[in-house]
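Close look at the chain arrangement
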Amino acid sequence: MSTDLSVLASSAAIETIGTPWLWAVTIGVVLALLVLDFAITRRPHEVSMREAVGWTVFYIALPVAFGVFLWARNGSTTGVEFFTGYLLEKSLSVDNLFVFMLLLSAFAVPAALAQRVLLYGIAGALVLRGIFIALGAAALATLDWAFLLFGVILLVTAVKLLADSMKGHDPDVDISSMRSVKLLRKVMPVTDDYQGTRMTVVQAGKRALTPLALVVTAVMVTDLVFAVDSVPAVYGVTGDPFLVFATNAFALLGLRALYFVLHAALSRLVHLAYGLAVILAFIGVKLVLHWAHGVWSSVPTIPTVASLVVIVVVLATVTLTSLRATRVQQTVDAS
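This is a predicted model, so every value here is computed, not measured.

**Quick look at the pairing of strand β3 (residues 200–203)**
Alignment of β3 against strand β4 (residues 206–209), held across four bridges, turns out to be antiparallel. Counterpart to V201 in the pairing with β4 is A208. Where β3 hands over to β4, the hairpin turn is made up of two residues, of which A204 adopts a positive phi near 55°.

Structure, rendered in structure tokens:
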């Protein structure tokens, strides 16, 4: 039986709808889609808007169908938790795209190779999220204060995100200061030019890295940072490890195509950081309240439906205000 928010029966066990066959099928579908994406990007090419929109529609329809299946199979509580978690992870993944866009620009990645880099980033993110999800489930099952810890992490992240936004600090990427890039350059030589989809080549009789290896490493390191915030956030919606994995997987799988659809629009979402800060703070408070409820039963908790409403309203608000702000700025610049 599923319960609101945590789906945790006790500190000794975690209730989950993830039966062995459901886990196997879900992981099988995710791996099959990754293999398909790698096959599609095997021959580098620039992505047309038509292609990007087509794949984006597919990767939105897939989780919607999966959510309907879960709703019919396990009831409305599970269905609401899945859709809320998916919407939360999808909104956070758009923030990932900002950084990916900066990395692709900073490394001067050719347009034909952009989707290949994004795909490596997605694959790396799935692996990292899987590790963090397992660690999170173990923590929630054995540590009474795990919800409090997750809540504090999200609140600190929200405050930092809000402070940076209010100071007007735009996301920036300094390749020369990235430790991962410095380490790779010390270990192996790096070619001056990209060599198609190859990570390494033999040059003057020695194995050398290509710039593609550097940008893929930078993207995966960035994935690690995002996973620290993303996994605790979705655990604030549901404590079921299967739903946490499924929402993360479906949100990440469509990023490659979504990047090319939103590339031009990303720069116009000037208020997105404010919205994400509000959402992370809300989920953080929800986690802290859930922990407090376990200690003092009189402390109220926030239902998942309320989380869904808050996320939808905040995202809609910042999207509208962002579009209005950029339109006004364009008018001012034109005059």
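So that's the structure; there's more coming.
**A short note on the packing of aromatic side chains**
Under the definition given, this model contains 16 aromatic pairs. Their ring planes at 40° and their centres at 5.6 Å tell us that W23 and F245 sit as a pair that is tilted. You can see W23 sitting in helix α1 (residues 20–40) and its partner F245 sitting in helix α8 (residues 241–253), a full 222 residues away along the chain. Taking relative accessible area as the criterion, W23 reaches 25% and is therefore assigned partly exposed. Geometrically, the ring pair formed by F82 and F83 is edge-to-face, given 5.6 Å between the ring centres and 75° between the ring planes. For F82, a relative accessible area of 0% translates into the label buried. Among the aromatic side chains, those forming a connected cluster through ring pairs are W23, F66, F69, F82, F83, Y86, F242, F245 and F250.

**Regarding the side chain of D37**
On the secondary structure map, D37 appears in helix α1. For D37, the side chain forms a polar contact with the side chain of R256, separated by 3.0 Å. Setting aside residues no more than four positions away along its own chain, D37 makes contact with Y59, L119, L253 and R256.

**Side note on the packing of helix α3 (residues 76–106) against helix α7 (residues 211–235)**
Axis separation between α3 and α7 bottoms out at 10 Å; the angle between their running directions is 155°. The angle between α3 and α7 places the two elements in the roughly antiparallel class. Crossing angle aside, the handedness with which α3 passes α7 is right-handed. Facing α3, whose interface residues are G85, L88, E89, L92, D95, N96, V99, F100 and L103, α7 presents V215, A218, V219, T222, D223, F226, S230, A233 and V234.

**Topic: the layout of surface pockets**
As a volume, the second largest pocket reaches approximately 470 Å³. Listed by contribution, the elements that provide at least two residues to the lining of the second largest pocket are α2 (49–74), α3, α9 (255–266) and α11 (304–334).

**Brief notes about the nonpolar core**
Of all hydrophobic cores here, the largest spans 74 residues; its most connected members are F107, V109, L126, V215 and Y235. Listed in part, the 11 residues of the second largest apolar core include F66, L243, A246 and F250.

**Focus: the packing of helix α4 (residues 114–142) against α8**
Between α4 and α8, the shortest axis-to-axis distance is 10 Å and the interhelical angle comes to 165°. With respect to each other, α4 and α8 are oriented roughly antiparallel. In this structure, α4 meets α8 at a crossing whose hand is right-handed. Residues I122, A125, L126, R129, I133 and A137 of α4 form the contact with α8, whose own contacting residues are P241, V244, F245, N248, A249, L252 and L253. Among the residues forming the contact of α4 with α8, the class breakdown is 11 nonpolar, one polar and one charged.

**A look at α7**
When the terminal C-alpha atoms of α7 are compared, their 36 Å separation across 25 residues agrees well with the 36 Å that a helix rising 1.5 Å per residue should span. Along α7, the sharpest change in direction is near 35° and occurs at F226.

Definitions and cut-offs
Residues numbered from 1 in each chain as written. Predicted model: local features only at pLDDT ≥ 70, side-chain atom pairs only at ≥ 80, totals over all residues. Heavy atoms only, no water. Pairing = 2+ DSSP bridges. Helix = DSSP H or I, 4+ residues; strand = E, 2+ residues; numbered from the N terminus. Phe/Tyr/Trp six-rings, centres within 6.5 Å; stacked < 30°, edge-to-face > 60°. Buried < 20%, exposed > 50% of the residue type's maximum accessible area, 1.4 Å probe, protein only. Polar contact = N/O pair within 3.5 Å; in protein donor to acceptor, adjacent residues only side chain to side chain. Contact = heavy atoms within 4.5 Å. Axes fitted to C-alpha atoms, helices over the stretch in contact; angles between N-to-C directions. Parallel < 35°, antiparallel > 145°, perpendicular 65-115°, else oblique. Left-handed = near helix turned anticlockwise from the far one by under 90°. 1 Å grid on protein atoms, 1.4 Å probe; cavity = no way out; pocket = protein on both sides within 12 Å on 5 of 7 lines; lining within 4 Å. Points joined across faces, edges and corners; volume = space filled by probe spheres on them. Core = buried A, V, L, I, M, F, W, Y, C linked by side-chain atoms within 4.5 Å. Nonpolar A, V, L, I, M, F, W, Y, C, P; charged D, E, K, R; others polar. Expected span 1.5 Å × (residues − 1). Bend = angle between axes of the 7 residues up to and from the residue.

No statement about biological role is implied by the geometric values presented.
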